[in-house]
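Structural features, examined
Listed here are the chains, written in short residue letters.
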Amino acid sequence: MIDKILVENILNEALSTGGDFAEIFVENKTGDSFYLVDGKVEGAISGKDFGIGIRIFKNLFSVYAYTNNMSKENLLKTAKKAAEAIKGTKEDITINLIKKEIENKHKIILAPGSVLKDDKISLMKEAYIAAKEYDECISQVRINYGDSTQNILVANSEGVWAEDTRVRSRISIESIASNMNDMQTGSYRPGAAKGFEFFKEIDVKEYAKEASRIAKTMLGAKYAPSGKMPVIIENEFGGVIFHEACGHGLEATSVAKGLSVFAGKIGQKVASDIVSAVDDGTLKNEWGSSNIDDEGTPTQRNLLIENGILKGYMIDKLNGKRMGLESTGSARRESYKYAPTSRMTNTFILNGTSSLDDMLQGVENGIYAKYMGGGSVNPSTGDFNFSVMEGYLIENGKITEPVRGATLIGNGPEVLHKIDMIGDNLAHGQGMCGSVSGSIPANVGQPRLRLKDIVVGGR
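Labelled according to an unreviewed UniProt entry, the protein chain appears under the name TldD/PmbA family protein, originating from Candidatus Cetobacterium colombiensis.

So this is what it looks like as structure tokens:
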């Protein structure tokens, strides 16, 4: 992607004013995205992003610059300009770049770039037809398709030379059901760190029908009750609450600055005894996986909580320096335009042993959240508010009629103590996570679990 001698020259220029660490991140990313509404392609983008980010440390002070002008003169000029933010004397640092041999754990069978655009659009139309023909109440269907191939190189003044290729594919199906009085939405958004073979391994039509089924079910539903009550949250994307309300608080981005409610609590009890959670960037071909992080460190399985005890954080290099801890392979960024920081990859609660019947037993009045929707969270406190996309009443130990408009309102750290049952059906859902280093693909996940009580917003 870039000449080794030029990389050494850039790093030396970056260190010319006294920096104690310099790093480059080179990115070459290609991809296709299409948007289809009511069977017609309304948008199509095929593009290529190529550029370089240059980062310099002086103790805990950092400087970041980027450019997409890859001429030798401009790269050295950019490094020099970034170095001007540091006032000091050049240290005696010898750069000896050694290429890391990295196992590719995420094999690709059908590279997206080798697939005709017509085939990608045909896939979208198949999903559209399946969703639209599910029921006559489906008034509109929107399909998004996206794939990307990102080649990266990370090199730094400590001798790291690491390269990786990340391929990701995803389809998003959104169905809208309507009648004379109402309109409801259902959606499904499967994705993976795979090529086009992903769409041959899953049944896109079934995902499309499921999106329409959700919309139709909610169209006829009455409003959810409100108040504090037991709630059972299904697996897969139900893990979004843990991701948003707890996961971000376990990233060194907030922990290192003391902005997290979990800061300084390693070894302390932070959840009920049955809760264990991990972040694992090594899972084969999962949406949030990669071979290395965006600082060139191999990804790993990070134990966050074990039997209710806080065991660790997700740590990047700079925040690790602040905390006196090593990186956990958790540095991520959207592109070369962002400096990396600690982020989640595939974050999930581990399996328990309870069945759905076990969870329903003894619940006189509660909510069964089959699919979660979006929400908001205050990262400094963990206070959250999430909508239930598809919910049902629980009455006298049984799941009964569907209800809409339910929201779950609570506090992440507090909710961790209210989990009193966990199922054995762990599954992952795919999302895009936004934070200070941009928008990145991340899996959320959990088995089905029960909260003994939480505030439900309804009518």
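Still to come is the rest of the account.
**Observations regarding the overall build of the protein chain**
Per the secondary structure count, the protein chain includes 10 helices and 24 strands. Taking 2.2 N^0.38 as the reference for a compact globule, 459 residues should give roughly 23 Å; the C-alpha atoms of the protein chain span a radius of gyration of 24 Å, in line with that estimate. Burial analysis of the protein chain (459 residues in total) assigns 54% to the buried set. Considering only contacts within the protein chain whose residues lie at least 6 apart along the sequence, 75% involve residues at least 24 apart. Looking at the protein chain, you have 54 positive and 59 negative side-chain charges, and the mean spots of the two groups are 3 Å apart.

**Focus on the packing of aromatic side chains**
The geometry of an aromatic ring pair is captured by two quantities: the separation of the ring centres and the angle between the planes. Overall, the coordinates contain 11 aromatic pairs when judged by the stated rule. For the ring pair Y188 and Y207, a centre distance of 4.8 Å and an interplane angle of 65° mean the geometry is edge-to-face. Of this pair, Y188 sits in strand β7 (residues 183-188) while Y207 sits in helix α5 (residues 204-219), placing them 19 residues apart in sequence. Clustering of aromatic rings is evident, with ring pairs tying together F34, Y145, F196, F198 and F199. Of note, R333 hangs over the ring of F25, and the distance from its end group to the ring centre comes to 3.8 Å. Taking NZ or CZ as reference, R404 lies 4.6 Å from the ring centre of Y223, over its face.

**A closer look at the UniProt feature "domain: Metalloprotease TldD/E C-terminal" (unreviewed entry) in the protein chain**
Cross-referencing UniProt, the feature "domain: Metalloprotease TldD/E C-terminal" (unreviewed entry) maps to residues 226-458 in the present numbering. Secondary structure within residues 226-458 divides into 13% helix and 41% strand; the distance between the first and last C-alpha atoms comes to 4 Å.

**A word on the pattern of salt bridges**
With the rule as written, the count across this model stands at 27 salt bridges. In this structure, K321 engages D20 in a salt bridge whose closest nitrogen and oxygen atoms are separated by 3.9 Å. Separated by 301 residues along the polypeptide, K321 in helix α8 (residues 317-323) and D20 in the loop between α1 (4-14) and β1 (21-37) bring together distant segments of the chain. Residue K321 is classed as partly exposed on the basis of its relative accessible area, which comes to 37%. Measuring nitrogen to oxygen at the nearest pair gives 3.0 Å for the salt bridge that ties K58 to E91. Pair noted here: K58 is in strand β2 (residues 40-58) and E91 is in the loop between α2 (72-83) and β4 (98-99), with a separation of 33 residues, a long-range link.

**Structural notes on the pairing of strand β22 (residues 427-435)**
Pairing analysis gives 9 bridges linking β22 to strand β23 (residues 438-446), with the strands arranged antiparallel. Within the sheet, the bridge partner assigned to A427 lies in β23 and is Q446. The turn linking β22 back onto β23 is made up of 2 residues.

**A few points about the nonpolar core**
I233, I305, M372 and L408 are the most contacted members of the largest nonpolar core, which has 44 residues in total. Among the elements that line this core, the one with the most residues is helix α6 (residues 240-247), at 5 residues. If near-sequence neighbours (up to four positions away) are discounted, I305 is found in contact with F242, V270, A271, V275, S276, A277, L310, K311 and L416.

**Points about α2**
Taking 1.5 Å of rise per residue, 12 residues should cover 16 Å, and α2 covers 17 Å from first to last C-alpha, within 8% of that figure. Residues N74, L75, T78, A79, A82 and A83 constitute the buried set of α2. Tucked inside the fold, the buried residues of α2 contact α1, β2 and β3 (61-67).

**Brief notes about the environment of N319**
Mapped onto the elements of the fold, N319 is located in helix α8. When the C-alpha atoms of N319 and V456 are compared, they prove to be 37 Å apart, with 137 residues separating the residues in sequence. Leaving out residues up to four positions away in the same chain, N319 has contacts with A252, T253, A256, T341 and S342. Among the polar contacts made by the side chain of N319, one reaches the side chain of T341 at a distance of 3.3 Å.

**Here we look at unusual backbone geometry**
Even without being a glycine, N59 presents a positive backbone phi close to 55°. Looking at the secondary structure, you find N59 in the loop between β2 and β3. Judged by relative accessible area, N59 falls into the partly exposed class, the value being 49%. Of note, N396 is a non-glycine position whose phi angle comes to about 50°, a positive value.

**Thoughts on the environment of D383**
If you trace the backbone, D383 turns up in strand β18 (residues 383-395). Given the relative accessible area of 39%, D383 is considered partly exposed. The sequence separation of D383 and N351 amounts to 32 residues, and the corresponding C-alpha distance is 25 Å. Not counting the four nearest positions on each side in its chain, D383 is found in contact with S376, V377, N378, G410 and N411.

**Some details on the UniProt feature "domain: Metalloprotease TldD/E central" (unreviewed entry) in the protein chain**
As recorded in UniProt, the feature "domain: Metalloprotease TldD/E central" (unreviewed entry) lies at residues 113-219. As annotated, residues 113-219 comprises 34% helix and 43% strand, and the C-alpha atoms at either end are separated by 40 Å.

**Quick word on the packing of α1 against α2**
Interaxial distance between α1 and α2 falls to 7 Å at its minimum, and their mutual angle equals 25°. Classified by the interaxial angle, the pair formed by α1 and α2 is roughly parallel. The way α1 lies across α2 gives a crossing that is right-handed. Of α2, the residues touching α1 (which contributes L6, N9, I10, E13 and A14) are K72, L75, L76, A79, K80 and A83.

**Some details on the packing of helix α3 (residues 117-132) against α5**
A pair of packed helices is characterised by two quantities: the angle between their axes and the separation of those axes. Their axes nearest at 8 Å, the elements α3 and α5 cross at an angle of 40°. As the angle between them shows, α3 and α5 are arranged oblique. The two elements α3 and α5 cross, and the hand of that crossing is right-handed. Facing α3, whose interface residues are L123, E126, A127, A130 and A131, α5 presents V204, K205, A208, K209 and S212. For the contact of α3 with α5, the per-class residue count stands at 6 nonpolar, 1 polar and 3 charged.

Rules used in this analysis
Within each chain, residues carry numbers counting from 1 in the order of the written sequence. This being a predicted model, a pLDDT of at least 70 is required before a residue's local features are given, and a value of 80 or more before pairs of side-chain atoms are given or counted; all residues contribute to the totals for chains, interfaces and linings. No hydrogens and no water enter the side-chain calculation; it runs on all heavy atoms of the structure. By definition, any uninterrupted DSSP run of H or I lasting at least four residues is a helix, any uninterrupted run of E lasting at least two residues is a strand, and each is numbered from the N terminus. Atoms considered for the radius of gyration are the C-alpha atoms alone. The globule rule reads 2.2 Å times the number of residues to the power 0.38. Only protein chains enter the accessibility calculation, which uses a 1.4 Å probe; a residue is then buried when its area is under 20% of its type maximum, exposed when over 50%, and partly exposed in between. Note on contacts: a residue pair qualifies if any of its non-hydrogen atoms lie within 4.5 Å across the two residues. Only four residue types enter the charge count, namely Lys and Arg as positive and Asp and Glu as negative; His and the chain termini do not. By convention, the charge on Lys lies at NZ, on Arg at CZ, on Asp at CG and on Glu at CD. For Phe, Tyr and Trp, rings pair up if their centres lie within 6.5 Å, where Trp contributes its six-membered ring, and each pair is then called stacked (planes under 30 degrees apart), edge-to-face (over 60) or tilted (otherwise). Should the NZ of a Lys or the CZ of an Arg lie within 6 Å of a ring centre and within 35 degrees of the ring normal, that charge is described as sitting over the ring. UniProt positions are given in the numbering used here, feature names are shortened, and annotations may be inferred rather than shown by experiment. Every case where a carboxyl oxygen of Asp or Glu lies within 4 Å of a side-chain nitrogen of Lys or Arg is listed as a salt bridge. The pairing criterion is simple: DSSP has to find at least two bridges between the two strands. The term nonpolar core refers to a set of buried residues drawn from Ala, Val, Leu, Ile, Met, Phe, Trp, Tyr and Cys, joined through side-chain atoms within 4.5 Å. How far a helix is expected to stretch is found by multiplying one less than its residue total by 1.5 Å. Polar contacts, as used here, are pairs of N or O atoms within 3.5 Å; protein pairs need one atom able to donate a hydrogen and one able to accept it. Residues neighboring in sequence count only if both atoms are side-chain atoms. To define axes, lines are fitted to C-alpha atoms, for helices over the stretch in contact only, and angles between the resulting N-to-C directions are given on a 0 to 180 degree scale. In these notes the angle categories are as follows: under 35 degrees is roughly parallel, over 145 is roughly antiparallel, 65 to 115 is roughly perpendicular, and the rest is oblique. Crossings are classed by handedness, with left-handed meaning an anticlockwise turn of the near helix from the far one by less than a right angle and right-handed meaning a clockwise turn. When residue character is reported, Ala, Val, Leu, Ile, Met, Phe, Trp, Tyr, Cys and Pro are called nonpolar, Asp, Glu, Lys and Arg charged, and the others, Gly included, polar.

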